[in-house]
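The lines below spell out each chain.
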Amino acid sequence: MISNQKDKQFGSTPVLDTVVIGAGFAGLYQLYKLRQLGLQTIVFEAGGDVGGTWYWNRYPGARCDVESMGYSYSFSEELEQEWVWTERYASQSEILKYARHVADRFDLKKDIRFNTRVLKATFEDNHHRWLVTTSKNETFRARFVIMALGCLSTPHSPSIPGLETFEGNCYHTGFWPHKKVDFTGQKVGVIGTGSSATQAIPLIAEQAKHLTIFQRTANFSIPAWNKPLTKEIQQQWKDNYRKLRVEAQQSSSGVINMDSDQNAADLTSSQQQKELERRWKYGGLIMWNAFADIMKNRDSNDVVSAFVHKKIREVVKDPATADLLCPRNYPLGSKRLCVDTNYYETFNKPNVTLADIKSHPIKEITATGIETSESFFKLDSIVLATGFDAMTGPMLKIDVRGSDGTLLTERWAEGPQTYLGISMAKFPNLFMITGPGSPSVLSNVLLAIEQHVDWITNCLQYMTENKFSLIEPTHEAEKNWVHHVNEVAEDTLYVHSDSWYMGANIPGKPRVFMPYVGGADKYRDICKHVSQNKYYGFSLSN
Ligand code: FAD
Ligand code: NAP
């Protein structure tokens, strides 16, 4: 066991084995595993409860886009068997309930400090410890810091002139009030048409007197066909969970029944349409993998795009609105597919207007509404569904300084530099869960989290057993990994899109494809290879 003795030279600063930052699904499972190693750990969480994403994103319609039975922890068979999901895609409130259940069941909350943001983490070369400073002006020393910050936990509010002068209510989907918001009788404007917006819009439209959607870029959205989960379906999963989890882990997306082994060109046009109809009827993310080459071959991708355009035109009655809702100029799937309930149908409602802010940009927000280059929209409430400073945002919000005073902001000035998305040269004993350079958001994130937590835990155990106290990747291993991450991305259509995967949604952010697109299954094998070869690419010392 790694020592947790207090050391005189540290004075009154508490000394821990491990600090974990974040109490979403990553932080919770990491705490559970560190306890098994006997490591004294504190988790710091900026929010007031566990759940992370599901604590913050309480907007109407928020739910998962990976089916609930698969979007759940696999580490405990008892947990798998006892928990009952009620819908094919669980709602935010049910997922939050699940996170709370996990925290209570494994008695995790006693080691979590809520409403506490970590502001600074500095590696002390002389002590080989991390000095962690929180928003409560406390400091802690720890041998290890584990960043469980989430990829989508830093909401992004665009700097639209006059936003702060708006006198109505303004909400961000990623920072939604805990009290129910009632839009009844209101004129509401939603800015954005990504996953959050496509889920929220149909429900806001049911309440609002009038809803205007300000669309800059149309997104591809696939119906979820959400429905209650029958006892029979639950039981089928529960009887076969081990097999299904392995299948998910061995797939490129972490989701069963998604991958395809046929290129579009292997099929006739009518076979292609049949397969696309099948996927559309099934619903959800499986359209993303309709053909094996969909993210590599633009012709193959265009077949799927045209199919979705056709579906949009079938649903949306006004041809001009339908036309505006058809995404163009980027490949389907290069921005995350949206999964919705009645999104396109909502545009047939008499109280819904689509404002094209690509052609007529927002000029300013005034005290009473939104002024575009064409019209003024008087509003009572504005909903910013404008996304996140994804993947690197949460790390860069913390003042992280590695050995020799190396600043994270400088190391990542041209884009994230990591080894395996787990660690960084010059930042010893610091690990990231689902960090940039790992598949994370391109897969079922819960399985990606479990894989990282298990890997990190095994690594700490290896260090203990072999009496190593320091670990960090070599510059060479990091450089090679960054090169590999870029190389596989360049070979895909992902890089032909202004997506948040590319950092393109944040003005001034380096344009680099951040997740690892080589497949969650292949990535898993690479990580295994590294650990089985005495942590190949890492330098370990006493
Ligand atoms: P998070 O849940 O983001 O938790 C990180 C926590 O760290 C947060 O609570 C945050 O407050 C805290 N934190 C960050 N910085 C600090 C700091 N400096 N100090 C203290 N605390 C800090 N993925 C899927 O695979 N399937 C889905 O269906 C899916 N749906 C999603 C829906 C929405 C609306 C969003 C936004 C994301 C969705 N995702 C989905 C991705 C989702 O983020 C992950 O599935 C998963 O919940 C991430 O867990 P996490 O613990 O890694 O991060
Ligand atoms: P997003 O996908 O980044 O969408 C943000 C939207 O806001 C885009 O339409 C964007 O337009 C628009 N926007 C941003 N800045 C703007 C500005 N200044 N003016 C006008 N429009 C602006 O964010 P998100 O919808 O919150 O989703 C982020 C990710 O979270 C998803 O991709 C997904 O991974 C996850 N998520 C999942 C679910 C789910 O179904 N389970 C739900 C919500 C979120 P442009 O495209 O033109 O930039």
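Residues numbered from 1 in each chain as written. Chains lettered and ligands numbered in written order. Predicted model: local features only at pLDDT ≥ 70, side-chain atom pairs only at ≥ 80, totals over all residues. Heavy atoms only, no water.

(A) Inspection of the pattern of salt bridges at higher detail. With the rule as written, the count across this model stands at 28 salt bridges. Put simply, D107 and K110 hold a salt bridge, and the shortest N to O gap is 2.9 Å. Among the salt bridges present, the one from E314 reaches K311, with a minimum N-O distance of 3.8 Å. Of this pair, E314 and K311 both sit in helix α8 (residues 298-315), separated by three residues, roughly a single helical turn. Of the residues examined, K311 reaches a relative accessible area of 10% and is grouped as buried. Put simply, D49, R100, D104 and K109 are held in one network by salt bridges that share partners. (Salt bridge = Lys/Arg side-chain N within 4 Å of Asp/Glu carboxyl O. Helix = DSSP H or I, 4+ residues; strand = E, 2+ residues; numbered from the N terminus. Buried < 20%, exposed > 50% of the residue type's maximum accessible area, 1.4 Å probe, protein only.)

(B) Local environment of the site of ligand 1. Among the 33 residues in the neighbourhood of ligand 1, the closest are listed as E45, T53, D65, Y71 and V445. Residue V66 places a main-chain N or O atom 3.3 Å away from an oxygen atom belonging to ligand 1. Residue V118 places a main-chain N or O atom 2.9 Å away from a nitrogen atom belonging to ligand 1. When isolated, ligand 1 has an accessible area of 980 Å², and the protein chains bury 95% of it. Elements with a minimum of two residues in the shell around ligand 1: α1 (25-37), α2 (53-56) and α13 (445-465). A total of three residues in the shell around ligand 1 trace back to one element, the largest contributor, which is α2. Taken together, the residues that form the shell around ligand 1 break down as 19 nonpolar, eleven polar and three charged. (Near = heavy atom within 4 Å. Polar contact = N/O pair within 3.5 Å; in protein donor to acceptor, adjacent residues only side chain to side chain. Areas by Shrake-Rupley, 256 points an atom, 1.4 Å probe, with all protein chains shown as cover. Nonpolar A, V, L, I, M, F, W, Y, C, P; charged D, E, K, R; others polar.)

(C) Highlighting the site of ligand 2. Neighbouring ligand 2 are 23 residues, the closest being R63, T193, S196, R216 and T217. One of the side-chain nitrogen or oxygen atoms of T217 is found 2.5 Å away from an oxygen atom of ligand 2. A total of 910 Å² of accessible area belongs to ligand 2 in isolation, and the protein chains cover 87% of it. In terms of residues, the shell around ligand 2 owes the most to one element, helix α5 (residues 195-207), which gives three residues.

(D) Local environment of helix α15 (residues 520-532). An ideal rise of 1.5 Å per residue puts 18 Å on 13 residues; α15 measures up with 18 Å between its terminal C-alpha atoms. Those residues of α15 that are buried lie in contact with α6 (231-249), α13, α14 (475-490) and β20 (538-541). Of the residues trailing α15, K534 is marked for its positive phi of about 50 degrees. (Expected span 1.5 Å × (residues − 1). Contact = heavy atoms within 4.5 Å.)

(E) How the structure looks around the sheet that holds strand β16 (residues 381-384). With parallel pairing, the five strands of this open sheet are ordered in space as β7-β16-β8-β9-β12. Here the strands that pair on one side only, and so sit at the sheet edges, are β7 (169-172) and β12 (352-356). Averaged over all pairs of adjacent strands, the angle between their axes in this sheet comes to 20 degrees, without regard to strand direction. (Pairing = 2+ DSSP bridges. Axes fitted to C-alpha atoms, helices over the stretch in contact; angles between N-to-C directions.)

(F) Representation of the domain arrangement of the protein chain in the model. Once the domains are mapped, the protein chain shows domain 1 (2-50 + 108-154 + 390-534) and domain 2 (163-384). Taken over C-alpha atoms, the centre of domain 1 sits 31 Å from the centre of domain 2. In this complex, domain 1 contributes 18 residues to the contact, which on the side of domain 2 involves 22 residues. For the pairing of domain 1 and domain 2, the buried interface totals around 1600 Å² over both sides, and the portion due to carbon and sulfur atoms is 55%. At the boundary of domain 1 and domain 2, one finds one salt bridge. Among the salt bridges present, the one from D491 reaches K296, with a minimum N-O distance of 3.3 Å. Where domain 1 meets domain 2, there are ten residue pairs in polar contact (both at pLDDT 80 or more). (Domains from an automatic or database assignment. Buried area = accessible area lost by both parts, 1.4 Å probe.)

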